[in-house]
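# Architecture at a glance
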Amino acid sequence: MSPMQLSKESPLASRLWAWMLERFQPATWLLFFILYATAVLFGRFLGTEGSLALGNRDLFGLAAAWCFFLMLRVFDEHKDYEIDLVNHPQRVLQSGLITLKHLKVLGVLAIVVQVSGSLVQDSGLGTATLSWFFVMAWSALMAVEFFCGKWLGKHLVLYAFSHMLVMPAVLFWLAQMGYGQRWLPCTIGWLMASAFCGGAAFEVTRKTRGPEEERETVDSYSKVWGPRGAALVIWLFLLAGAFTQIALLRLVLQTPSWMWYAAVTASVALPTATLGMFAAKPTASGRKKNEAASSLAMLAGYVVVLAALIAQRGVLWQ
């Protein structure tokens, strides 16, 4: 049922689902699942020998990971509510079909699932749960704009950097679920760096617009660097991400064949092309192509590493 067919008298479940379709689209869930599988199996790769084992306990971790990203969306909806009333009054939340109170309840449930999933993975209080506490603390600071929202909002680059630091922290938390009760070794830094680069590339892409899309009430990186400068920054993040993926492949496979390098190259080829076209002629359609290409590149980066883990060790369910 589309938002146009809903009213405040419609079942709450239908209205919340309409909000999800609009602001937490199921199409993005595949990325969360792949991200979780990559992190957990990489943690197992670092901590065990032989085949990489998965089991029912890992389903609790998957639910925790999904709920973390749902929680972030709920935080963003609270943080941006007033400005979205002006810029996007037609949205499910801004039109009054659901309220911030509904989302608060959803956010609390998401937090309960996260801590429960971490405790299950730890079989009690352990390294995964302690890692989650750090991720949660940083996410809470993000939700209140680090207590300097007005100042931070005027420094868009610093704003993005402070918010994107949550991605490597999340990957550490999820990999810790796979590693066990000891703390992860420093080699986890490659996966964390890959997460930061991919997330930063998408974040800058999402807020880079053509001239006809710019609004006085909405910040963008194209206002800071210009469309061409923003396109170059996105490409540099993608290139840095490709470097971290190659490092991960060499760690997992030791001597990867040319096909693995080709896969990494292919993952950045499409966004390189779309970014080049956008830099030459920045338009709204070009921005949408950049978003799609950057999303695919981020997904492909995790898929390549995941495929390498499975090819090297194999996976079994127990």
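Here's a quick rundown of the structure. Nothing here was measured: the structure is a model prediction, and the numbers come from that model. (Residues numbered from 1 in each chain as written. Predicted model: local features only at pLDDT ≥ 70, side-chain atom pairs only at ≥ 80, totals over all residues. Heavy atoms only, no water.)

The terminal C-alpha atoms of helix H9 (residues 166-179) lie 20 Å apart, and with 14 residues this matches the ideal 20 Å at 1.5 Å per residue to within 8%. Counting buried residues along H9, 14 of its 14 residues qualify, which places the element largely inside the surrounding structure. (Helix = DSSP H or I, 4+ residues; strand = E, 2+ residues; numbered from the N terminus. Expected span 1.5 Å × (residues − 1). Buried < 20%, exposed > 50% of the residue type's maximum accessible area, 1.4 Å probe, protein only.)

In the structure shown here, the tally under the stated rule is eight salt bridges. Note that Glu77 is salt-bridged to Arg23, the shortest N-O span being 3.3 Å. One end of the pair, Glu77, is in helix H3 (residues 56-79); the other, Arg23, is in helix H1 (residues 12-23), with 54 residues separating them in the sequence. A single burial state applies to Glu77 and to Arg23, both of which are buried. Notably, a salt bridge pairs Glu203 with Arg206, separated by 3.1 Å at the nearest N-O pair. With Glu203 and Arg206 both in helix H10 (residues 188-206) and three residues apart, the pair spans about one turn of that helix. Its relative accessible area of 14% is what places Glu203 among the buried residues. The class of Arg206 is partly exposed, set by a relative accessible area of 34%. Put simply, Asp76, Lys79 and Asp80 are held in one network by salt bridges that share partners. (Salt bridge = Lys/Arg side-chain N within 4 Å of Asp/Glu carboxyl O.)

Of all the residues in helix H8 (residues 156-164), the buried ones are Leu156, Tyr159, Ala160, Ser162, His163 and Met164. Against the buried residues of H8 lie H3, helix H6 (127-143), helix H7 (149-153), H9, H10 and helix H11 (221-253). (Contact = heavy atoms within 4.5 Å.)

Below, the discussion takes up the packing of H11 against helix H13 (residues 284-313). Packed helix pairs are specified by the crossing angle of their axes together with the interaxial distance, meaning the distance between the axes. Close contact between H11 and H13 brings their axes to 10 Å; oriented N to C, the two are set at 5°. Judged on the interaxial angle alone, H13 and H11 are roughly parallel. Contact residues: H11 offers Ile234, Leu238, Gln245, Leu248, Leu249, Val252 and Leu253, while H13 offers Ser294, Ala297, Gly301, Val304, Val305, Ala308, Leu309 and Gln312. A per-class count over the contact of H11 with H13 returns 11 nonpolar, four polar and no charged. (Axes fitted to C-alpha atoms, helices over the stretch in contact; angles between N-to-C directions. Parallel < 35°, antiparallel > 145°, perpendicular 65-115°, else oblique. Nonpolar A, V, L, I, M, F, W, Y, C, P; charged D, E, K, R; others polar.)

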